[in-house]
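These are the residues of each chain, in order.
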There are 2 protein chains.
Amino acid sequence: MINRHARRFHSRTAQIRQLSVTVKDCLTHLTQKNLTQTEKDVSVQGWIRSFRKGKNISFLVVNDGSTHESLQAVIRGPQINIEGLSFGTSVRVSGRLLYSIKGTQAVELDTSTVNVIGPASHDYPLQKKYTSAEHLRFNAHLRPRTQFNSSLLRIQSYMLHTLSSFFQTKNAIQVLPPVMTSSDCEGAGETFQISKSEDFFGMKTNLIVSSQLHLEALAMGVGKVWTLVPTFRAERSTTARHLAEFRMLEAELCFTNSLHDVMDITESLIRNLTQGIIQHPDLQFIRSLNAENIEQDVDMQARWDSILGTPWTRIRFSEAVRILETAGASEDFVFSPSMDSGLQAEHEKFLAKYFNGPVFVTNYPAVQKPFYMLPAEDGTVECFDLLVPSMGELCGGSLRDDNLDSLLHKMRIAGMNEGDLTWYTDLRRYGSVPHGGFGLGWERLVGYLCGVNNVREIAAFPRWVNHCVG
Amino acid sequence: MINRHARRFHSRTAQIRQLSVTVKDCLTHLTQKNLTQTEKDVSVQGWIRSFRKGKNISFLVVNDGSTHESLQAVIRGPQINIEGLSFGTSVRVSGRLLYSIKGTQAVELDTSTVNVIGPASHDYPLQKKYTSAEHLRFNAHLRPRTQFNSSLLRIQSYMLHTLSSFFQTKNAIQVLPPVMTSSDCEGAGETFQISKSEDFFGMKTNLIVSSQLHLEALAMGVGKVWTLVPTFRAERSTTARHLAEFRMLEAELCFTNSLHDVMDITESLIRNLTQGIIQHPDLQFIRSLNAENIEQDVDMQARWDSILGTPWTRIRFSEAVRILETAGASEDFVFSPSMDSGLQAEHEKFLAKYFNGPVFVTNYPAVQKPFYMLPAEDGTVECFDLLVPSMGELCGGSLRDDNLDSLLHKMRIAGMNEGDLTWYTDLRRYGSVPHGGFGLGWERLVGYLCGVNNVREIAAFPRWVNHCVG
């Protein structure tokens, strides 16, 4: 067939493209030494971070989100229109890149033209001066335009790519489990139900609280799987560590009967993500900030060192309780540590501080944990919680009970509806294998590594009780 | 502090690990030439794909999901227990890896012991003989154990990593937008509402039908963003191309006023993903299968070639209609092509076939498209649909209207509630910039590249009307 329409249209693709040059390009690749004659003249678009007007010379600082750094456009002479250049306004600045003698940056722009693309109305909710984290949370749609939040976005993106590469080298398969489910994973959290879904699906459905059960099914086809999936808890919590919608990083590994395997991969993953970002310029930048939402009392370098240092402590729950009991007199806990109750947040933080870094606490009493965990001989289950200083629990994992009768027995005791989970018990009915996995709160991990103490700063559009804007 | 508990516990990590050797390891890394004495003796776990019992020698074929290939365990002599070795049973086979003289594989296992880990009950829903795709869809939890579905999982995972790398090289930021939203994106699809969310959030919420609006907000902080997010449409469709829950690959790019930029990155991305997987052993394996769910009438190599060949055709909607009108007499369309109605599925398929590969159709009449698209001068909008042979629409994109007044005008005409979208119009109120993006149905793309004609085979746990199992 003759493709003449296409050919005619293609000739139009030779037009000038606007995506080519970013501030990052200007500051890194286009240092003067490498500049060719044609590259020296550039046109960059971005948002105004500051504008200082002088008599003979003005300075316009422009950021386009490609890096935390901004480009300084130097405006000389009266022939350039400088009207409407207020904070937050978007502009196109054109001119010649020059090697900068003064200042901290290698290059600056000798400006020939400035065009306003989009003015920022005078009631722009962000201001150059200090804006509180609380105020920004209620303007989540504009928040990425701050240096702090755009840096967090770039760091997270880098971590996501590291995550993908990590599991790729481990031959673990990234899977995309469902978010709508007819199963109740553990009855632990309050679920969000989907209305009218009974009309649509012929059964009640809700949003997933954990993908673990689905990952178990998928792992039993391809051996090792992982996912980063939205999860939902209708808990009326307003703490700095809880969201109604958050991302859970979950992995499931077949053919293991040692909890150490699961802890090994958890530890290896978090070390890998930490190693990947501690040199990231955005993280160094965040660390240099003096913002209210950053943990100012924590030595971040020491935190990263404790993650990357010696292998993490692994202790049993019973040993943890003994340590807490010994420390109890001097520590003045609100809750007395005991074998019969779980660890309270204050206990978790104490333990991580005691060991001066991440610590796995394993083998909790079975009565404290959900039905699917593998029983050990001493009335405990093969599980762990990973505790980190000043936060407490970051991650939890376990070996799963792969015995059908044992599983059914525990489901009956827990009053669960077997019929809803036939598909899950099928995994034990047909070719069951020993396996285990973990689940890690993504926003908590990112916040922990960045020294940001509220997960609402990490989620792009945070949702919590009475708050779902956007 | 003294860390004696930790040290005592650590000594236990020296125990034997079970995760070390996979079938893939045996077949690739442990070819006999590289075997050291200690590596020759291996223990592998997996599921039985077949068992042939002979008088003096038996053959057990075991797969663990690490690759589409299986390991053949040769069982000699009567001292090895071969009871209970049925299809689907999970086993641990131990023995010595030998260079295989006969057969297609480089190695086989000279078996010393076989242990049944998990028997498969006699009513195991999968069978070695043919199992229909329809039957498997209702056993999605066991489906990954088939060669076909496990191959699809491995291919998808590889594509996901390629995706992450692609955008990393483009300096686009991966973001994690919300799934629960208080906004109505376009009113085009039926939304799933979240029940009792008014109690929890103080406002009505529903599941997201597209992340575009949120991505626009995020892009206006960091320039270029992308995501792969679950999206939800309560459409009572039962076609091979629709799911109630599916993954949408979406990207948004700031600082462009050319639709070609958006088409360029779409084309580049799909070429990149295709290039990445066409040599993948699992894709070659799927191609060799003779399964009902594979498009048998399509030359897959020609399909991939058409993607990787010359730049894709880009035509305007008006030109597409002219071609369709000319072809109409001989093609016998059910619907007459016209400027006043959108393209029907039959038209889309014809156009892609006519151009013998992917084709972008741009500049549809504004009345056919949603409010947020950028108007062109001739009553059209700066948008595209990407059509591919035998499927039709795979992807859509547009430049976004970045003018506040124009946007508000169109929202009023469409009867939309401005108050719900104040956060979105804010993006134009404060420092608006030209931008555009696209959305691509992930399951459709994977199915298209693998020659699988029903997206229910691609989603791990497919949901459609009257079907939400697991």
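Residues numbered from 1 in each chain as written. Chains lettered and ligands numbered in written order. Predicted model: local features only at pLDDT ≥ 70, side-chain atom pairs only at ≥ 80, totals over all residues. Heavy atoms only, no water.

Trainee: Any chance you could explain the interface of chain A and chain B here in plain terms?
Mentor: Often, the extent of an interface is quoted as the loss of accessible area on bringing the components together. In this assembly, 132 residues from chain A lie in contact with 132 residues from chain B. Carbon and sulfur atoms supply 61% of the area that chain A and chain B bury against each other, a total of about 11,300 Å² over both sides. Counting the contacts that link chain A with chain B gives zero salt bridges. Applying the counting rule to chain A against chain B returns 42 residue pairs in polar contact (both at pLDDT 80 or more). The element best represented in the side of chain A that touches chain B is helix 5 (residues 147-169) of chain A, accounting for eleven residues. Residue composition of the side of chain A that touches chain B, by class: 62 nonpolar, 46 polar and 24 charged. (Contact = heavy atoms within 4.5 Å. Buried area = accessible area lost by both parts, 1.4 Å probe. Salt bridge = Lys/Arg side-chain N within 4 Å of Asp/Glu carboxyl O. Polar contact = N/O pair within 3.5 Å; in protein donor to acceptor, adjacent residues only side chain to side chain. Helix = DSSP H or I, 4+ residues; strand = E, 2+ residues; numbered from the N terminus. Nonpolar A, V, L, I, M, F, W, Y, C, P; charged D, E, K, R; others polar.)

Trainee: Is there a simple way to think about the relation of the copies chain A and chain B in this case?
Mentor: Each of the two copies of the chain can be brought onto the other by a rotation about an axis and a shift along it. Turning chain A through 180 degrees and shifting it by 0.0 Å along the axis lays it on chain B, with an RMSD of 0.0 Å. What the rotation and shift describe, once combined, is the action of a two-fold rotation axis. Most of the interface of chain A is mirrored in chain B: 100% of its interface residues are interface residues there too. (Least-squares fit on C-alpha atoms with pLDDT ≥ 70 in both.)

Trainee: Could you clarify how one ought to interpret the side chain of Glu108 of chain A in this entry?
Mentor: With respect to the helices and strands, the residue Glu108 of chain A is situated in strand 5 (residues 107-118). What Glu108 of chain A contacts, discounting residues up to four positions off in sequence, is Leu71, Gln72, Val74, Arg76, Arg96, Leu97, Leu98 and Ser100 of chain A.

Trainee: Help me understand the sheet that holds strand 15 (residues 435-441) of chain B in this model?
Mentor: Consider a sheet: its strands pair through backbone hydrogen bonds, and that pairing is either parallel or antiparallel. All names here are of chain B. Strand order in the open sheet made by the eight strands is 6-9-10-15-14-13-12-11, with mixed pairing throughout. Taken across any chain shown, the strands that pair with only one partner, and hence form the sheet edges, are strand 6 (173-174) and strand 11 (313-316). Judged from the four bridges that link them, strand 12 (residues 359-362) and strand 13 (residues 383-388) form a sheet pairing that is antiparallel. Paired with Val361 across the two strands is Asp385, which belongs to strand 13. On the sheet, helix 11 (residues 317-331) packs against strand 11 and strand 12 and is oriented at approximately 90 degrees with respect to strand 11. (Pairing = 2+ DSSP bridges. Axes fitted to C-alpha atoms, helices over the stretch in contact; angles between N-to-C directions.)

Trainee: How should I be thinking about helix 7 (residues 212-222) of chain A in this particular structure?
Mentor: Spacing of three or four residues puts side chains on the same side of an α-helix, whose turn is 3.6 residues. All names here are of chain A. Buried residues dominate helix 7, accounting for eleven of its eleven residues. The set of residues buried in helix 7 consists of Gln212, Leu213, His214, Leu215, Glu216, Ala217, Leu218, Ala219, Met220, Gly221 and Val222. Immediately downstream of helix 7, the backbone of Gly223 shows phi near 90 degrees, a positive value. (Buried < 20%, exposed > 50% of the residue type's maximum accessible area, 1.4 Å probe, protein only.)

Trainee: Even after reading the chapter, I still don't get the confidence of the model for chain A, so can you show me in this structure?
Mentor: Detail in the predicted coordinates should be disregarded across regions flagged by low pLDDT. All names here are of chain A. On average, residues of chain A score 90 in pLDDT, and 91% of them reach the 70 mark or higher. Scored below 50 in pLDDT, residues 1-18 shows 39 contacts in the model against residues more than four places distant or in partner chains. The ipTM value of the predicted complex is 0.93, and its pTM value is 0.93. (pLDDT = per-residue confidence, 0-100.)

Trainee: What is the right way to look at the sheet that holds strand 10 (residues 245-254) of chain A in this model?
Mentor: Residue and element names in this part refer to chain A. One open sheet accounts for eight strands, arranged 6-9-10-15-14-13-12-11; its pairing is mixed. In this open sheet, the two strands that pair with only one neighbour each are strand 6 (173-174) and strand 11 (313-316). Strands strand 6, strand 9 (224-232), strand 10, strand 14 (392-400) and strand 15 (435-441) of the sheet are contacted by helix 7, whose axis makes an angle of about 35 degrees with strand 10.

Trainee: Before we go on, may I ask you to explain the side chain of Asn63 of chain B in this structure?
Mentor: All names here are of chain B. Note on placement: Asn63 falls in strand 2 (residues 57-63). There is a polar contact of 3.4 Å between the side chain of Asn63 and the side chain of Ser70. With sequence-adjacent residues up to four places away left out, Asn63 is seen in contact with Val23, Gly46, Trp47, Arg49, His68, Glu69 and Ser70.

Trainee: What should I look at first to understand the environment of Thr205 of chain A in this one?
Mentor: The topology assignment puts Thr205 of chain A in the loop between helix 6 (197-201) and strand 8 (206-207). Each C-alpha atom of the pair Thr205 of chain A and Thr326 of chain A lies 47 Å from the other, and the pair is 121 residues apart in sequence. For Thr205 of chain A, the residues in contact, after removing those within four places along its chain, are Thr181, Gln193, Ile194 and Ser197 of chain A together with Cys468 of chain B. Only 2.9 Å separates the side chain of Thr205 of chain A from the side chain of Ser197 of chain A, close enough to count as a polar contact.

Trainee: Explain the domain arrangement of chain A here, please?
Mentor: All names here are of chain A. One can read the domain layout of chain A as domain 1 (38-124) and domain 2 (141-457). For domain 1 and domain 2, the distance between their C-alpha centroids amounts to 45 Å. Contacts between domain 1 and domain 2 engage seven residues on the former and ten residues on the latter. Sorting the residues of domain 1 by area buried against domain 2 places Arg49, His68 and Tyr124 first, and these three jointly supply 75% of that buried surface. (Domains from an automatic or database assignment.)

Trainee: Help me understand the packing of helix 5 (residues 147-169) of chain B against helix 9 (residues 281-288) of chain B, please; the structure alone is not making it clear to me.
Mentor: If you want to describe how two helices pack, look at the angle between their axes and the distance between the axes. Residue and element names in this part refer to chain B. One way to put it is that helix 5 packs onto helix 9 with a least axis distance of 9 Å and a crossing angle of 145 degrees. You can see that helix 5 and helix 9 cross each other, and the crossing is left-handed. Taken together, the residues of helix 9 that come into contact with helix 5 (itself represented by Gln147, Phe148, Ser151, Leu152, Arg154 and Ile155) are Asp282, Leu283, Phe285 and Ile286. (Left-handed = near helix turned anticlockwise from the far one by under 90°.)

Trainee: Before we go on, may I ask you to explain the packing of aromatic side chains in this structure?
Mentor: The way to describe two aromatic rings as a pair is by their centre distance and the angle between their planes. In total, this model carries 38 aromatic pairs over all chains according to the counting rule given. Ring geometry for Phe138 of chain B against Trp464 of chain B: centres 6.1 Å apart, planes inclined by 80 degrees, an arrangement best described as edge-to-face. Separated by 326 residues along the polypeptide, Phe138 of chain B in the loop between helix 4 (133-137) and helix 5 and Trp464 of chain B in the segment after helix 15 (442-450) bring together distant segments of the chain. A connected cluster of aromatic rings, assembled from ring pairs, spans Phe371, Tyr372, Trp423 and Tyr424 of chain A together with Phe461 of chain B. The ring of Tyr364 of chain A is capped by Lys369 of chain A, whose NZ or CZ atom sits 4.4 Å from the centre of that ring. (Phe/Tyr/Trp six-rings, centres within 6.5 Å; stacked < 30°, edge-to-face > 60°. Lys NZ or Arg CZ within 6 Å of the ring centre and 35° of its normal.)

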